[in-house]
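Residue-level structure breakdown
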Amino acid sequence: MKRAFAFGDKSIESVVRRVNEVRCVAVIGAGTMGQGIVIDLLKKTDYELILLDVQPEALARAKARFDAMRAADVKESRLREEDAKRAEARITFTQSYGDLARVDIVWEVATERGEIKAKIFEAIEKHVDLDRIAAIFSNTSSHTTGELAVLFKSEALREKFLTVHGYFPFESNRLIDVMKGKFASIETFAFGTVFADQILEKTVVALPTDHHGYLTDPIFQAMAAVISWDVRTSRDIVERGGLWDLFTANPFQVLDQTGHMPYTESSRHLGRSLPPTDRLRSLYDRNGAHYPDWIAKLERDHCTGVNAPSRRGFFAWSDGEQPRANGVLDPASGEYLPVTEISRKDYWSFYEAAEQDRHSGKIKSAESLVHVACTSDLGGRAFRRYALPICLYALDLIQDGIATPGQINISTRAGLRFKVGLIELIDALIAHLTIDGVIELVRRARDENSDDQCMVEMLDVDGECGPRKGHPCLLFDMKRRNYTRLLGYGRHYQTPVAELDLETGEYKGSYLDLKVYGPSSKDRVVSVVFNNPLRGNVFNRAVIDQLAHAFSGVLRLHREGRCGAVLFTAGGTGMRMLGADAREFNRGWFERERGYAPLSEAEAAASSRNAVTLLRTIQQSPVASIGVFGEKWGGGAEFTYYLDLRYDLRSFGFVFDALERRSAWQQKNTYNQPELDYAILPGFGAAGELKRLGMGDSVSFEIFDQGVSADRAFQIGLSHGVFDDEFEALRRGYERARSMAKDAPYSRALFKQELARGTDDEALAKDTGETFNPKKNPFIQTGLLTLLDRKHKPPPMNYACVGIQLPGWAYPNENGLSDSDPAE
């Protein structure tokens, strides 16, 4: 959204107001990440943007890229020409730090070299307006906030400084880190978090404690570093690096896309600065070297990846907008050799894992990773040598209080795009081997690498040597306390929905695709935000699990009298809500050469049954519900049919006219049900729910065959409010939810029972009588005092429903977790 919203959280209201006052942002550094930040801000805000770089060539490259993107967007009818001109006018390209005088936020994205950062920070301090500046960010990959904050002489600027770090490609990667450090104020930390969350529309991992590289960067850095010291031939880059293809992608290919500078400069800094207790510190200091000579040679030769003049790095890359690796470096000879497939003879476990996934309809699953971890081939040895130290490092972060299990899992899933998060993998290893078995697996890896002291220290699980001497691994504490999982898993699809709180032993909600704002004592409204705007907030199995767990928490709060209504909305510009995830309509990974692999009837039926069961619970519960959304498709529209009220945002964009064969800018349809076009049915129950809502056959056909706009939905009674502005829609929607939350629970439950039952005069008389019985409806006395004694303030209503039988409703015993998990 272009403006932030507090969702009733009084603690951030002043911060939200300050975020909404931002008008100008300066980005220092016109490289890959700096360009990505500007592109993101151009799309998501109306800010004036200043791109500052001391090198005119860098500014020229950035301007050429922006111009080309706008031209392509206009040509492809993604952007109007007048909007493109306005976007162009919003950017100032400059080499002068004097332009910082009018900015609200400065974001440094220039370099990892401390001496250069010091000069940049000196210039920032000289030119910013202390009364205007809200925050200063650095996108550093390896420095702590504290290390950089002291580069400012002014205490006021230290208090306004945060490290805020995105991931490549910034404009299409959903993760962002916000780290406070010891100098930043609580207000600045909250400002950075709200800005990253609601303005940049990212998945935020907010760390109050300083740590080199946040959570994700040290893991990614280590994925390459742990292999780099063993690379001798081109096959090593492909085969050893190919281990990480089982998780996400070969890190050497990714580094060629981002450029090597952040990696090499971070390695230098980490080698000098990591604390003595960091398990991975030896990766960045081997006899004074921070990375191997073969990588240093690439740097000297300016072979740093796709954007190098030679288009060479670890790989050689083809020309074009979507370059492909057509060669791989052979460090021994310096030549680029053809990229060959990983050896089936030596790495047979990789192929077995892929075939197991294909057979079971899964994609890079935890089961396949566990299989590789335990094998005796070179693939298994590679897993144990390279992946296990990073697993132990993740456990160290939890043990040392740096991060929670959910934060690490979300970081690896969202930032590094792991199909199986790192903590999910650890849980899977424990489930398959037991904790004792995992400890023995690590010891096996240590013994396999006994000739490499650095590796022995990184694989120390017992606290016997190296940086973790005296600190046995967290696995031992988990065994002592009888914890067998660090995450809680959903009851439908066993995807992560919660994380273990090691202090209390309880599992608390931890969601990748949702944000949940709890109720205040005054408002009693829970806000649930679907939070994957880069994919249109699709409904997939993970979302079903997360929503079921989150709503179980809503019901618990309702029973305790702390929640009376829930507001549902979607993150991202336009509050879009797409339907079921089409990727899950195919059994496993869709491969064009193999074609469509159909789900079984049982699998398809289960996907419908699980979703409708959840949506029916939301619909029938005594909790009032309202949805505030923009453009909705398929299951996204169906979801809203189960809610009590629907507020809609008008959506505008290019719509293709099939007769005129051109696209025209106009109001778009807000409710869309395209399922019949794709030979499927609306599996979340659209036909029945539309009829329940009073939509006749003619209107239902209209929705399915052509869709309806927000205004048309309001006209036919499907929508209860229509707005042009996202902020106003949320403001009005939240206020309506706050009002609905005041309903007495017994009466609202009885009202919903009446609606479901239909006309029955005798039952109505019976129900009316029961509402006046305080033994059945203990809310009646407070409710009628409010009605009868208007001259005096009535006593506050106790909304708690503990020990009360609400009509037509029984609170479920489930906590939203899989039966095999510990109770929440």
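As shown above, the structure is provided for reference.
In this report, the structure presented in the accompanying data block is examined. Computed from a predicted model, the values in this text were never measured in an experiment.

Right, let's get into empty space enclosed by the protein. Under the definition given, this model contains five cavities of 30 Å³ or more. Considered as a void within the structure, the largest cavity measures approximately 140 Å³ in volume. Looking at the largest cavity, it is lined by 15 residues, and the ones nearest its centre are Met1, Lys515, Val529, Gly571 and Gly572. In this model, the second largest cavity occupies a volume close to 60 Å³. Leu388, Cys391, Leu392, Leu395, Ile426, Leu429, Val438, Val442 and Leu475 are the residues that line the second largest cavity. Tallied by class, the residues present in the lining of the second largest cavity amount to nine nonpolar, no polar and no charged.

Before going further, it helps to spend a moment on the environment of Lys775. Assignment of secondary structure puts Lys775 in the loop between α29 (761-771) and α30 (780-788). Counting along the chain gives 91 residues from Lys775 to Phe684, while the straight-line C-alpha distance between them is 39 Å.

Turning our eyes to something else, we now look at the side chain of Arg468. You can see Arg468 is positioned in the loop between α19 (453-458) and α20 (474-480). Owing to a relative accessible area of 2%, Arg468 belongs among the buried residues under this scheme. Only 3.2 Å separates the side chain of Arg468 from the backbone oxygen of Thr277, close enough to count as a polar contact. With near-sequence residues (within four places) excluded, Arg468 lies in contact with Thr277, Arg279, Asp396, Gln399, Asp400, Asp460 and Gly463.

Within the secondary structure, Glu299 sits in helix α13 (residues 293-300). The spacing of Glu299 and His260 is 39 residues in sequence and 7.6 Å in space, taken between C-alpha atoms. Setting aside residues up to four positions removed in sequence, Glu299 forms contacts with Thr264, Arg268 and Tyr291.

Attention now moves to the packing of helix α15 (residues 366-373) against helix α16 (residues 378-399). Where α15 meets α16, the closest approach of the two axes is 7 Å, and the angle between their N-to-C directions is 100 degrees. Taken together, the axis directions place α15 and α16 in an arrangement best described as roughly perpendicular. Where α15 abuts α16, its residues Leu369, Val372 and Ala373 lie against Gly379, Gly380, Phe383 and Arg384. Considered class by class, the residues forming the contact of α15 with α16 number four nonpolar, two polar and one charged.

Turning to the pattern of salt bridges, a few remarks are in order. Applying the stated criterion to the full structure yields 70 salt bridges. Close ionic contact of Arg78 with Asp73 constitutes a salt bridge, the shortest N to O distance being 2.8 Å. Between Asp396 and Arg468 there is a salt bridge, with its nearest N and O atoms 3.6 Å apart. Here Asp396 is found in helix α16, whereas its partner Arg468 is found in the loop between α19 and α20, with 72 residues between them in sequence. A network of salt bridges, in which partner residues are shared, links Glu440, Arg443, Arg446, Asp447 and Asp462.

As a further point, take the packing of α15 against helix α18 (residues 422-448). At a closest axis distance of 8 Å, the pairing of α15 and α18 adopts a crossing angle of 25 degrees. Comparing their axes, α18 and α15 come out roughly parallel. Across from Ala366, Leu369, Val370 and Ala373 in α15, the residues of α18 making contact are Leu425, Ala428, Leu429, His432 and Leu441. Split by residue class, the contact of α15 with α18 holds eight nonpolar, one polar and no charged.

Paired through their backbone hydrogen bonds, the strands of a sheet run either parallel or antiparallel. With mixed pairing, eight strands are arranged side by side in an open sheet as β3-β2-β1-β4-β5-β6-β7-β8. Looking at strand neighbours, the two that pair on one side only are β3 (91-94) and β8 (203-207), the edges of this open sheet. Averaged over all adjacent pairs, the angle separating strand axes in this sheet is 20 degrees, with direction ignored. By the bridge criterion, five bridges tie strand β7 (residues 175-179) to β8 in an arrangement that is parallel. Across the sheet, the residue bridging to Leu175 is Thr203, located in β8. Sheet strands touched by helix α3 (residues 56-75): β2 (48-52) and β3. Its angle to β3, the strand with the most contacts, is close to 160 degrees.

To continue, consider the sheet that holds strand β9 (residues 315-317). Taken together, three strands build an open sheet; the order of strands is β9-β10-β11 and the sheet is antiparallel. The open sheet has two edge strands, β9 and β11 (335-337), and neither has a second partner. With direction set aside, neighbouring strand axes in the sheet form an average angle of 40 degrees. Summarising the sheet, strand β10 (residues 325-330) and β11 pair through three bridges and their orientation is antiparallel. Within the sheet, the bridge partner assigned to Asp330 lies in β11 and is Glu335. Here helix α11 (residues 251-258) sits on the sheet in contact with β9 and β10, set at roughly 50 degrees to β9.

With an omega of -15 degrees, the peptide bond between Phe168 and Pro169 qualifies as cis. Structurally, Pro169 can be placed in the loop between β6 (161-166) and β7. The phi torsion at Asn287 lies on the positive side, around 55 degrees, for a residue other than glycine. Residue placement: Asn287 occurs in the loop between α12 (261-273) and α13. Relative accessible area serves as the criterion here: at 86%, Asn287 is assigned to the exposed category.

We now examine the packing of aromatic side chains. The tally for this structure, following the rule as stated, stands at 32 aromatic pairs. Summarising the aromatic geometry, the rings of Phe247 and Phe418 are spaced 5.3 Å apart at their centres and angled 50 degrees between planes, so their arrangement reads as tilted. In this pair, Phe247 sits in the loop between α10 (234-239) and α11 while Phe418 sits in the loop between α17 (405-415) and α18, placing the two residues 171 residues apart along the sequence. The burial state of Phe247 is the same as that of Phe418; both residues are buried. What links up through ring pairs into an aromatic cluster is the set Tyr47, Trp107, Phe137, Phe170, Phe191 and Phe195. Positioned above the aromatic ring of Tyr799 is the side chain of Arg524, whose terminal nitrogen or guanidinium carbon lies 3.5 Å from the ring centre.

Moving on, we get to the environment of Asn540. Among the structural elements, Asn540 can be located in the loop between β16 (525-530) and α21 (541-559). Taking relative accessible area as the criterion, Asn540 reaches 11% and is therefore assigned buried. The sequence separation of Asn540 and Ser14 amounts to 526 residues, and the corresponding C-alpha distance is 35 Å. With sequence-adjacent residues up to four places away left out, Asn540 is seen in contact with Asp581 and Glu584. One polar contact links the side chain of Asn540 to the main-chain amide nitrogen of Ala542, over a distance of 3.3 Å.

Rules and cut-offs
- Residues numbered from 1 in each chain as written.
- Predicted model: local features only at pLDDT ≥ 70, side-chain atom pairs only at ≥ 80, totals over all residues.
- Heavy atoms only, no water.
- 1 Å grid on protein atoms, 1.4 Å probe; cavity = no way out; pocket = protein on both sides within 12 Å on 5 of 7 lines; lining within 4 Å.
- Points joined across faces, edges and corners; volume = space filled by probe spheres on them.
- Nonpolar A, V, L, I, M, F, W, Y, C, P; charged D, E, K, R; others polar.
- Helix = DSSP H or I, 4+ residues; strand = E, 2+ residues; numbered from the N terminus.
- Buried < 20%, exposed > 50% of the residue type's maximum accessible area, 1.4 Å probe, protein only.
- Polar contact = N/O pair within 3.5 Å; in protein donor to acceptor, adjacent residues only side chain to side chain.
- Contact = heavy atoms within 4.5 Å.
- Axes fitted to C-alpha atoms, helices over the stretch in contact; angles between N-to-C directions.
- Parallel < 35°, antiparallel > 145°, perpendicular 65-115°, else oblique.
- Salt bridge = Lys/Arg side-chain N within 4 Å of Asp/Glu carboxyl O.
- Pairing = 2+ DSSP bridges.
- Phe/Tyr/Trp six-rings, centres within 6.5 Å; stacked < 30°, edge-to-face > 60°.
- Lys NZ or Arg CZ within 6 Å of the ring centre and 35° of its normal.

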